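A look at the structure
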Amino acid sequence: FRFVIKGSLAGTAVYVAYDQGLLGSGTQGAEALKKAQAALPPAIQEWTSYIGWELPPTPKFDFSPSDSWNKGVQTVMSALSVAPTRACEYTVEGWRYVK
């Protein structure tokens, strides 16, 4: 019985992630993040007022996961593209040192 409940919760989580675009392309993921950033603060404020808690204001972040991902991919590809040239340079330099 517990397996069925856990399986249905996991399936629901995967379906919601797919439906919201989190499993799609980078632009779909960025759009889903913007939707979540717009929807979560009012929902949290409503829940805390219902419970009676008072939370500090949420900090504002100017962070784009897709831009960071693209920057990382560009850095890795740049390093891989110059790797053969650098290897030749270091080999020549090593031979000069040994001689």
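Keep in mind that what you see is a predicted model, and the values were worked out from it rather than measured.

Conventions used here
Residues numbered from 1 in each chain as written. Predicted model: local features only at pLDDT ≥ 70, side-chain atom pairs only at ≥ 80, totals over all residues. Heavy atoms only, no water. Helix = DSSP H or I, 4+ residues; strand = E, 2+ residues; numbered from the N terminus. Buried < 20%, exposed > 50% of the residue type's maximum accessible area, 1.4 Å probe, protein only. Areas by Shrake-Rupley, 256 points an atom, 1.4 Å probe, with all protein chains shown as cover. Patch = residues over 30% accessible without salt bridge, like charges linked within 9 Å, V, L, I, M, F, W, Y side chains within 5 Å. Salt bridge = Lys/Arg side-chain N within 4 Å of Asp/Glu carboxyl O. pLDDT = per-residue confidence, 0-100. Expected span 1.5 Å × (residues − 1). Bend = angle between axes of the 7 residues up to and from the residue.

**Some words on the overall build of the protein**
Tallying secondary structure elements over the protein gives 3 helices and 0 strands in all. Secondary structure elements in the protein, listed N-terminal to C-terminal, are α-α-α. By residue count, 4% of the 99 residues in the protein fall in the buried class. On the protein, roughly 9,300 Å² of surface is accessible, and the fraction owed to carbon and sulfur atoms is 65%.

**Considerations on a nonpolar patch on the surface**
Taken together, the side chains of Val14, Tyr18, Leu22 and Leu23 define a hydrophobic patch exposed on the protein surface, amounting to about 460 Å² of accessible area. When you line up the elements, Tyr18 lands in helix H1 (residues 2-19). Take Tyr18: its relative accessible area is 58%, and that puts it in the exposed class.

**Focus: the confidence of the model for the protein**
Model confidence for the protein is summarised by a mean pLDDT of 80, while 90% of its residues fall at 70 or above. Ranking the elements of the protein by mean pLDDT puts helix H2 (residues 26-51) last, at 76, and H1 first, at 86.

**Section: H1**
The terminal C-alpha atoms of H1 lie 25 Å apart, and with 18 residues this matches the ideal 26 Å at 1.5 Å per residue to within 8%. Looking one or two places after H1, you find Gly21, whose phi comes out positive at around 90°.

**Regarding H2**
With 26 residues, H2 should reach 38 Å at 1.5 Å per residue; the first-to-last C-alpha distance of 36 Å fits that figure. Taken as a whole, H2 carries its principal kink of about 30° at Leu40; the proline Pro41 stands between one and four residues after it.

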